[in-house]
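# Reading the structure
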Amino acid sequence: MVQEKRLNLRRLRQSPLIRDLVRQHRVSVDQMIQPLFVVGGIREREAVPGLTGTFRETSESLLRTVESDLEAGVKKFILFGVPAEKNTHQFRADFTAGEIASLKKRFGKDIFLAADVCLCSYTTHGQCGVVNAEGDHVENGSTVHELAKLALAYAQAGADCVAPSDMMDGRVGAVREALDEARLDQTLLMSYSAKFHSKFYGPFRVAADAAPKGGTALKDRATYQIDPSFPQDAYMSSIRDVEEGADILMVKPGLPYLDVLAKLSSQIQKPWAVYEVSGEYAGIELLAQQGLMQGPAAHVEAWTAFVRAGASIIITYGARHAKKFLESVS
Ligand code: PBG
C-alpha cells in the first residue's frame, strides 16, 4: 500500500548546502569575548591546566597575546588582574589598572576591553569580599565600597566595560553611581547577574589564584553565589541588576544552566551574555585529548546551544580558536 503525504524531514537534511540554508542560528567570532589573565610577580607566563592556549600572562606576554588574538580575529576581551599583593580589608587597583592602561595605550579602539571586578584574586583568603571579624560572613557594605573603588579605577584606566562578578547586593548600583559621578557615563556595565554556586570553576581558580584558601570559617561561596536549585533567585538578581543600571546581563556557567538562559533571555529584554566557564571548556578539551570526542566540533556545538538559548555574547576560552573551529565544521 502506498502512503501519501508522508512528512519528509530528511529532504532538508540531505546536503551541506541545504543544511546551511535552513539553519536558524549561526555562531560568529564577532560575538565572543576572550578571557585574559595577567598575574603580578611571575617572570614567565604559565599555561593553565585544562584550558588549551590560555596562560597566566606577564605584563609583556599579555601584549603579545592580544596581538596574536587580533590576528585570529578576536577583538573583545575580559581581563582578570591577579595582583601579587593580597589584603583583607582595603585593596589597591593599581596593578590591574596599569595593565588596562597599557593595553589601551597599545591597542586603543582596536579592542573592546572589559575588566572583571571582584576581590577573590585580591584577598589573602580567596573569598570574594571583606570577611567580618568572626570570619564567618562576607560583609556586604564594605565589599561593595571596595568593588566600586576598583571598578572606577579600571574605568579611569580606560576599560570600555566593567563586569562585577562578586554577587554582593547593590554592587551594580554602586558601580554605576561611581562611574556616573566621575562622568564615565559611557563605560558599559556587564553584570554577572545569574552566577551560580558551581563546581565548574576549577581551572579558573588556578588561573586567578582565586580558590577559597582557608583562614576563615567559610568553606565555599554558597552565601553569595546562587544555589543551582533556586532559579528564581537568578531572575530576582537579574531584574534587580537591570533596575540598578546594568547594560548587559549574564548567565554563568553555560551548558548546565541553558534552561535558565533560555527563560531569562526571553523574560528580560536585555543583551544576554553566557560564560562558558573553565570547567565546561576543559571538560571538552580533556575528552578530546583522550580521543573520546572531536574537540573543535564539540566546542562549536556548545556555542550553538548558547545562541539557540538566547545568548548574544559568549565568553569563552576558545574565542582565539573559534575561527579555525568554525571553519573545520562548515
Ligand atoms: C570570580 C569569578 C569566577 C569566574 C569568573 N569570575 C569564579 C569563582 O567564582 O570562583 C569563573 C570563570 C571560570 O570558571 O571560567 N570572581
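Use the structure listed above.
Values in this document were obtained by computation on a predicted structure and should not be read as measured data.

### Concerning the overall build of the chain
Check the secondary structure of the chain and you find eleven helices and eleven strands. Taking 330 residues into account, the globule formula puts the C-alpha radius of gyration at 20 Å, and the chain, at 21 Å, falls close to it. Judged by the C-alpha coordinates and their principal axes, the chain covers about 80 × 40 × 40 Å. By residue count, 52% of the 330 residues in the chain fall in the buried class. For the chain, the proportion of contacts with a sequence separation of at least 24, taken over those separated by at least 6, is 76%. Carbon and sulfur atoms provide 52% of the accessible area of the chain, an area that totals close to 15800 Å². In the chain, 38 side chains carry a positive charge and 40 a negative one; their mean positions are 8 Å apart.

### Looking at the pairing of strand 1 (residues 32-39)
Taking burial as the measure, the eight residues of strand 1 include eight buried ones, the bulk of the element. Side chains Met32, Gln34, Leu36 and Val38 of strand 1 all project onto a buried face; the interleaved residues Ile33, Pro35, Phe37 and Val39 project onto the opposite face, where all are buried too. Sheet analysis places strand 1 next to strand 11 (residues 313-315), joined by two bridges and oriented parallel. Bridged to Ile33 within strand 11 is Ile315. Judged from the six bridges that link them, strand 1 and strand 4 (residues 76-82) form a sheet pairing that is parallel. Along strand 4, the bridge assignment pairs Leu36 with Leu79. Summarising the sheet, strand 1 and strand 3 (residues 55-57) pair through two bridges and their orientation is parallel. Each residue of the ladder has a partner; that of Val38, found in strand 3, is Glu57.

Analysis parameters
As a convention, each chain's residues are numbered from 1 in the sequence order in which they are written. With pLDDT at 70 or above as the cut-off, local features in this predicted model cover only qualifying residues; side-chain atom pairs require 80 or more to be listed or tallied, and sums for whole chains, interfaces and linings still use all residues. Heavy atoms from the whole structure form the basis of all side-chain values; hydrogens and water molecules are not counted. Working definition: helices are DSSP H or I runs of at least four residues, strands are E runs of at least two. Numbering for both runs from the N terminus. Throughout, radius of gyration means the C-alpha value; the globule benchmark is 2.2 Å times the number of residues raised to the power 0.38. The classification of residues rests on relative accessible area computed with a 1.4 Å probe and restricted to protein chains. Under 20% of the type maximum is buried, over 50% is exposed, and intermediate values are partly exposed. Contacts were defined at the residue level, with two residues in contact if any of their heavy atoms lie within 4.5 Å. Calculation of accessible area relied on Shrake-Rupley with a 1.4 Å probe; when residues are assessed, cover is drawn exclusively from the protein chains displayed. Note on charges: Lys and Arg go in the positive column, Asp and Glu in the negative column, and His and the chain ends are not counted at all. Think of each charge as sitting on NZ of Lys, CZ of Arg, CG of Asp or CD of Glu. Between any two strands, at least two bridges found by DSSP are needed for them to pair.

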